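Here is how the chains run, residue by residue.
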Amino acid sequence: MGRRSILVATGWVVTAAIATVIGLGAIRLVGESLTGTPGGVRSEAEIERALAAPEPTPTTSTASAVPGTTGTASAAPGSAPSANSGARRGFATDGGTAVAECGVGGVRLVSWAPAQGYRVRDVDRGPDDDVEVTFQAAAREYELKVRCIGSEPVAVADD
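Asker: Would you mind going over the overall build of the protein with me for this structure?
Answerer: Broken down by element type, the protein carries two helices and seven strands. From first element to last, N terminus to C terminus, the protein shows the α and β order α-α-β-β-β-β-β-β-β. Sequence-distant contacts in the protein: of pairs separated by 6 or more residues, those separated by 24 or more amount to 27%. In the structure as shown, the protein presents an accessible area of about 10500 Å², 58% of it carried by carbon and sulfur atoms.

Rendered as structure tokens:
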């Protein structure tokens, strides 16, 4: 009976070790998609290049047409429009910021970031006739809706 107990205990330890190794391998394989930063992490060199890029001339449009927005809509620093797109413009609300551009398929959200204390509740990134992002806090919500007028992204009030 003693020999059998030793074999059972050894089998259990070996099985536990194999399960642990498989689990660690699976976490390493899938871990980046579970814990990684959406869009990846930028290197210090990429950030320096983006900051060193010349800032486009700000536009005069404002995002005040959208309820709860503040500030002006201007081109995002270091972001020049790509060759196949129209203008790229940044928008700011108390709930967060977003960058949109107009292109062949309509308007699309390039990026968005919630302000401190807010989270992104919903995103329609496009390309489409209009796109929107909703920033939500415990007691407040801001919806930013953008549409192209000509080749310029413009914030619009809800219909």
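Here the narrative resumes.
Asker: Looking at this structure, how should I read the environment of Gly90?
Answerer: Its place among the elements puts Gly90 in strand 1 (residues 85-92). Along the backbone, Gly90 and Ala100 are ten residues apart, and their C-alpha atoms lie at a distance of 6.4 Å.

Asker: Which parts of the structure should I look at to understand the environment of Asp124?
Answerer: Note on placement: Asp124 falls in strand 4 (residues 119-124). When its relative accessible area of 31% is taken as the criterion, Asp124 is described as partly exposed. Taking the C-alpha atoms as reference, Asp124 lies 8.5 Å from Arg108; in sequence the two are 16 residues apart.

Asker: Teacher, can you tell me more about the pattern of salt bridges here?
Answerer: Charged atoms that come close allow side chains of opposite charge to pair. Counted under the stated rule, the structure contains five salt bridges. A salt bridge links Glu101 to Arg108; its shortest N-O distance comes to 2.9 Å. Classification of Glu101 by relative accessible area gives buried; the value is 5%. Residue Asp130 is joined to Arg147 by a salt bridge in which the shortest nitrogen-to-oxygen separation is 3.0 Å. Remark: Arg147 occurs in strand 6 (residues 141-149) and Asp130 occurs in strand 5 (residues 130-136); sequence separation between them is 17 residues. A relative accessible area of 25% means that Arg147 is categorised as partly exposed.

Asker: Just to check I follow, could you spell out the pairing of strand 4 for this structure?
Answerer: Regular strands show a simple pattern: their side chains alternate between the two faces of the sheet. Looking at chain direction, strand 4 and strand 5 are connected through five bridges and run antiparallel. The residue of strand 5 that forms the bridge with Val120 is Phe135. Counting the residues that bridge the hairpin from strand 4 to strand 5 gives five residues, and of these Gly126 lies at a positive phi of roughly 80°.

Asker: I tried to follow a nonpolar patch on the surface on my own but got confused; where do I start?
Answerer: A surface patch of nonpolar side chains, amounting to about 280 Å² of accessible area, comprises Val14, Ile18 and Ile22. You can see Ile22 is positioned in helix 1 (residues 2-35).

Analysis parameters
Residues numbered from 1 in each chain as written. Predicted model: local features only at pLDDT ≥ 70, side-chain atom pairs only at ≥ 80, totals over all residues. Heavy atoms only, no water. Helix = DSSP H or I, 4+ residues; strand = E, 2+ residues; numbered from the N terminus. Contact = heavy atoms within 4.5 Å. Areas by Shrake-Rupley, 256 points an atom, 1.4 Å probe, with all protein chains shown as cover. Buried < 20%, exposed > 50% of the residue type's maximum accessible area, 1.4 Å probe, protein only. Salt bridge = Lys/Arg side-chain N within 4 Å of Asp/Glu carboxyl O. Pairing = 2+ DSSP bridges. Patch = residues over 30% accessible without salt bridge, like charges linked within 9 Å, V, L, I, M, F, W, Y side chains within 5 Å.

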